[in-house]
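Spelled out, the chains give:
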Amino acid sequence: MKKASSRTRAVTGGALAAAIALGGFGAYSASATDEETAAAPAAAVAKADAKNKNTTRSTHLTIEAATKAAQATLDAAEKENQRVSVAVVDRNGNTLVTLRGDGAGPQSYEAAQKKAYTAVSWNAPTSELAKRLTNAPTLKDIPGTLFLGGGAPVTAKGAPIAGIGVAGAPSGDLDEKFAQAGVASLGK
């Protein structure tokens, strides 16, 4: 059997001491030699990741842009004396920003989120999606969605990157008009 070098014993002993000090349990291994450690520079790890053809990149709306869009949406509603809630979700439907206008109804907050989620999921305004219910009534049964006017997708290079949802105005047409104002603010 090969005798371990003093470096290997020191690394193994140090790792064991660290594991015990941290209250760890289970299996630990620390048998790297100086040659093995030198053979795996950080640059090689980065190259391996960069060559991975099983990954993709996607474009996401920044929190600053989401906040700008939400505020522009709320401002558009307030100009028409409408009390609404606004939600901006990312490409994956995760909420980035929500704003509840003064006097907005309690149901408007959740409805705005669902409209935003629905718009980004199908990359279409929710008023258009509501029309599809005639031919596919079970669409409304998909969890987290709301097929009422008031949701608008935000796109980049033809792909959805976010959704803006508005709820609380007397009609879905008004809600959607305000959501479109938020989308338009991102082009400025």
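In what follows, the structure referred to is the one given above.
Residues numbered from 1 in each chain as written. Predicted model: local features only at pLDDT ≥ 70, side-chain atom pairs only at ≥ 80, totals over all residues. Heavy atoms only, no water.

Looking now at the overall build of the chain. Within the chain, the secondary structure is distributed over seven helices and four strands. Scanning the chain from its N terminus toward the C terminus, one meets helices and strands in the order α-α-α-α-β-β-α-α-β-β-α. The proportion of buried residues among the 188 residues of the chain is 32%. About 11700 Å² of surface is accessible on the chain, with carbon and sulfur atoms providing 55% of the total. (Helix = DSSP H or I, 4+ residues; strand = E, 2+ residues; numbered from the N terminus. Buried < 20%, exposed > 50% of the residue type's maximum accessible area, 1.4 Å probe, protein only. Areas by Shrake-Rupley, 256 points an atom, 1.4 Å probe, with all protein chains shown as cover.)

If you trace the four strands from one edge of the open sheet to the other, you get β2-β1-β4-β3, paired in antiparallel fashion. Every interior strand has two partners, whereas the edge strands, β2 (95–100) and β3 (151–156), have only one. Direction aside, the axes of adjacent strands within the sheet are offset by 15° on average. Looking at chain direction, strand β1 (residues 85–90) and strand β4 (residues 159–167) are connected through six bridges and run antiparallel. (Pairing = 2+ DSSP bridges. Axes fitted to C-alpha atoms, helices over the stretch in contact; angles between N-to-C directions.)

Positionally, Asp90 belongs in strand β1. It is Arg91 that comes nearest to the buried, bridge-free Asp90 among opposite-charge side chains, at 7.9 Å. A polar contact is formed between the side chain of Asp90 and the backbone nitrogen of Asn94, at a distance of 2.8 Å. The contacts of Asp90, once residues within four sequence positions are left out, are His60, Leu96, Val120, Ile161 and Ala162. (Lys, Arg positive; Asp, Glu negative; His and termini not counted. Salt bridge = Lys/Arg side-chain N within 4 Å of Asp/Glu carboxyl O. Polar contact = N/O pair within 3.5 Å; in protein donor to acceptor, adjacent residues only side chain to side chain. Contact = heavy atoms within 4.5 Å.)

Glancing now at the environment of Phe147. Checked against the element boundaries, Phe147 lands in the loop between α6 (126–131) and β3. When its relative accessible area of 6% is taken as the criterion, Phe147 is described as buried. Sequence separation between Phe147 and Ala130 is 17 residues; the distance between their C-alpha atoms is 4.8 Å. In contact with Phe147, not counting residues within four places along its chain, are Thr118, Trp122, Leu129, Ala130, Leu133, Leu139 and Lys140.

Let us look at the pairing of β2. As judged from the five bridges shared by β1 and β2, these two strands associate in the antiparallel manner. Note on β2: the bridge partner recorded for Val88 is Val97.

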